[in-house]
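Breakdown of the fold
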Amino acid sequence: MLLHQFHSRFPTEDACIEYFKAVRMQQGVSCPECKTITHKWLGGRKVFQCPQCGCLIPLTKGTVMEHSKLSLSSWFYTMHLMTSVKQVLSAKEVQPQLGASQYPPIWLMMMKLRNIMGKRDAIYELSGEVELDEAFFPIRVPEEAQGETIRRGAGSQRQAKVLVIVESKSADEVLLSYLKSQDKGDKAGKFASMMKGKSIKKVVHYIKMFVLDNLNANTIDKIVREYVAKDAVVITDNSSSHVNLSEYFSKHESFTEKGNVDEVVKSVLPWVHIVIGRCRDGIAAIHGDVDAQFLQLYLNEYCWKFNRRFFRDSSDPKYDLFDRLVKISALYTSDIKWRNYEQIDDEDVI
Ligand SMILES: [Zn+2]
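Counting restarts for each chain, with residues numbered from 1 along the sequence as it is written. This being a predicted model, a pLDDT of at least 70 is required before a residue's local features are given, and a value of 80 or more before pairs of side-chain atoms are given or counted; all residues contribute to the totals for chains, interfaces and linings. Side-chain numbers here rest on the full set of heavy atoms in the structure, without hydrogens or water.

Notes on the environment of Q95
Note on placement: Q95 falls in helix α4 (residues 91-98). A simple rule labels every residue: compare its accessible area, found with a 1.4 Å probe on the protein chains alone, to the largest value its type can have, and call it buried under 20%, exposed over 50%, or partly exposed in between. Exposure remark for Q95: the relative accessible area of 14% places this residue in the buried category. On a C-alpha basis, the gap between Q95 and T78 in space is 9.2 Å, while along the polypeptide they are 17 residues apart. In what follows, residue pairs with any heavy atoms lying within 4.5 Å of each other are defined as contacts. Residues in contact with Q95, not counting those within four places in the same chain, are A100, S101, Q102, Y103 and I106. In DSSP terms, a helix is any run of H or I states spanning at least four residues, a strand is any run of E spanning at least two, and both are numbered starting from the N terminus.

What about the nonpolar core?
As used in this record, nonpolar core signifies buried Ala, Val, Leu, Ile, Met, Phe, Trp, Tyr and Cys residues forming a set joined through side-chain atoms within 4.5 Å. If you look at the biggest cluster of nonpolar residues, it comprises 77 residues, and the most contacted ones within it are F76, M79, L113, V164, I207 and M209. An automatic or database domain assignment is the source of the domain bounds shown. Looking at this core, you find at least three residues from each of domain 1 (3-121 + 334-349) and domain 2 (129-299). Here L113 is in contact with V64, W75, T78, M79, M82 and L325, once residues within four sequence places are set aside. Listed in part, the 17 residues of the second largest apolar core include L126, I223, A232 and L245.

As for the coordination of the zinc ion
C31 (SG), C34 (SG), C50 (SG) and C53 (SG) make up the full set of protein donors to the zinc ion, lying at 2.3 Å. Donor atoms are limited to N, O and S found within 2.8 Å of the metal ion, a distance that becomes 3.2 Å for Na, K and Ca. With water left out, some sites might look partial. A four-donor site is called tetrahedral if each angle lies between 85 and 135 degrees; a four-donor site is square planar, and a six-donor site octahedral, when trans pairs exceed 155 degrees and the remaining angles lie between 65 and 115; all other cases are labelled irregular. Around the zinc ion, the four donor atoms are arranged such that angles at the metal cover 100 to 121°; this shape is classified as tetrahedral.

Remarks on the sheet that holds strand β9 (residues 233-237)
We treat two strands as partners when DSSP finds at least two bridges between them. Taken together, five strands build an open sheet; the order of strands is β8-β7-β6-β9-β10 and the sheet is mixed. At either margin of the open sheet sits one strand with a lone partner, and together these are β8 (202-212) and β10 (251-255). Going across the sheet, the axis of each strand differs from the next one's by a mean of 25°, ignoring polarity. Pairing geometry for strand β6 (residues 129-138) and strand β7 (residues 159-170), over 10 bridges, is antiparallel. Residue F136 lies in a different strand from β7, and its bridge partner there is K161. Against the sheet, helix α6 (residues 171-181) makes contact with β7 and β8, and its axis sits at roughly 85° relative to β7, the strand it touches most. Convention adopted: a line fitted to C-alpha atoms gives each axis, helices being fitted over their contacting stretch, and angles between N-to-C directions are expressed from 0 to 180 degrees.

Things to note about α6
Buried within α6 we find A171, V174 and L179. One side of α6 holds all its buried residues, which, seen down the axis, span an arc of 130°. One or two positions beyond α6, positive phi appears at D183, with a value near 55°. By arc we mean the arc of the directions from the helix axis to the C-beta atoms, nothing more.

Considering the sheet that holds strand β3 (residues 40-42)
In space, the three strands of this open sheet follow the order β3-β4-β5, with antiparallel pairing throughout. With one partner strand each, in any of the chains shown, β3 and β5 (56-58) form the two edges of the open sheet. The mean angle between the axes of side-by-side strands here comes to 35°, regardless of whether they run parallel or antiparallel. Of the pairings in the sheet, the one linking β3 to strand β4 (residues 47-49) comprises three bridges and is antiparallel in character. Looking at β4, one finds that L42 is bridged to V47.

Details of the packing of helix α11 (residues 270-287) against helix α12 (residues 292-307)
In contact at an axis separation of 11 Å, α11 and α12 are set at 125° when each is read in the N-to-C sense. Taken together, the axes of α11 and α12 are oblique relative to one another. Helix-helix and strand crossings are classified by hand; for α11 and α12 the assignment is right-handed. Every residue of α12 that contacts α11 at V275, R278, C279, I283 and H287 is listed here: Y298, L299, Y302 and F306. Here the term charged refers only to Asp, Glu, Lys and Arg, the term nonpolar to Ala, Val, Leu, Ile, Met, Phe, Trp, Tyr, Cys and Pro, and the term polar to all other amino acids, Gly among them. Taken together, the residues of the contact of α11 with α12 sort by class into seven nonpolar, one polar and one charged. Here is the rule for angles: anything less than 35 degrees is roughly parallel, anything more than 145 is roughly antiparallel, 65 through 115 is roughly perpendicular, and the remaining ranges are oblique. Handedness of a crossing is defined here by the sense of rotation of the near helix relative to the far one, left-handed for an anticlockwise turn of less than a right angle and right-handed for a clockwise turn.

Re the pairing of β6
Taking burial as the measure, the 10 residues of β6 include seven buried ones, the bulk of the element. The sheet contact formed by β6 and β9 spans three bridges and is parallel. Its bridge partner lying in β9, V130 is registered against V234.

Focus: the packing of aromatic side chains
Each aromatic pair joins two rings of Phe, Tyr and Trp (for Trp, the six-membered one) with centres within 6.5 Å, and gets the label stacked for planes under 30 degrees apart, edge-to-face for over 60, and tilted for any other angle. For the coordinates displayed, the defined rule picks out 16 aromatic pairs. Between F76 and F322 the ring centres are 5.6 Å apart and the planes differ by 80°, which places this aromatic pair in the edge-to-face class. Taken as a pair, F76 in helix α3 (residues 72-84) and F322 in helix α13 (residues 321-331) lie far apart in primary sequence, 246 residues in all. Owing to a relative accessible area of 0%, F76 belongs among the buried residues under this scheme. Taking the centre distance of 5.1 Å and the plane angle of 90° together, the rings of W107 and W338 count as edge-to-face.

Structural notes on the packing of helix α5 (residues 104-121) against α12
Across the interface, α5 lies against α12 with an axial gap of 8 Å and an inter-helix angle of 60°. As summarised for this structure, α5 and α12 are arranged oblique, according to the angle between their axes. Seen along the crossing, α5 lies across α12 with a hand that is left-handed. Together, W107, M111, R114, N115, M117, G118, R120 and D121 of α5 and F294, L297, Y298, N300, E301, C303, W304 and N307 of α12 make up the contact between the two elements.

In C-alpha cells, the structure reads:
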C-alpha cells in the first residue's frame, strides 16, 4: 500500500478503530466468559458486549495489541511501514516516524509483530522440491562469553547457527497460485504463454528459517519433520547434520560440497544460498550484530514478508500485505517482554 493510500484509508484513530472492529467481527469475537461468539458493539465505549452474559470485551482483547497503551493508529502506521519494505526495519527508525518519545514501547510493538508473523508461518509446511542448508548469522558476543577468547569458524561466539529451508517450484506454478489467490485464475494461460522460452524455470516459493542451538542431526531432523511434507524432495549438501533425513523422506538427494563448493552451490542449492545472503546482509546492514535471543524474531519478519512478497504492492486492500498483517494481529497474542526482562511488566512499558 502506498503512503497516500494509507493516509486516505486511516486519517484518524477512529478510522483505525472502525477497521479493526470490522476485522474482528469478521473473524468472530469470542466471549472469554461464556464463549459466545458475539457481534454486539458499544460504540461509545469502543468495546464488544456479549449478548448472553453481558461481559465487556475490549477491542484489542485476545489480539497482539492486548495491554498496549499505544494508539491503534501507531500500530497501524508501524504495520504499514513494516510491510512497505523488504528489509527488517529497526525500531530506532520507526520511533521518530511515530513521534514517540520513548524507544521501549516501539521496540516491543515491533517484536510482538515479528512474534506473531512466526506463529502464522508455523502453520504452513513446505513441499515439492526443498533445499536445505545451515548458515551462520553475525550476533553480538553474549554477555557470558565476553572476556573469552573469540573462536573462529563454526563454533564462534560471534555467530548464530540458522537452518534455512527453501521450497522451489516451477515459475508457472508460482504464477498460477498467485493469480488464483487474486481471483485472476482465468489469466493463467496468458501469463504461462508469456513465460514460454524464458530462462527462469524454477523460482523460490516459500522459505523458513530457524535459529539452532547446535548442528546435531537430531536437532535438524526434528524441525524438518515438523515443517516439511513427507513426500517432499529434500536436497542438501552431504554434511553429517543431514544423516537422519534419508530415513524419513523418500526422496533425499545429498551432494558433497567438498572440492568444488561453488559448483554445488550454483547447480544444486542455488536458492537457499541466495536467500541466506540477502537475509543476512539485510539484517546486518540495518541492525548490526543482533542479540542472539532476538535473531529468530528478525528472521520471522524476513520470512513472513518474503513468503508474501507478491502482495506488497497489491492495489486491492483485500490482498494487501498490510491488511494481511492486521488480520493476523487480530488472531494471535504475543508474550514477548521488553528485552525479555521478566521483572518488568509489559504494561509499564508499552
Ligand atoms: Zn458471555
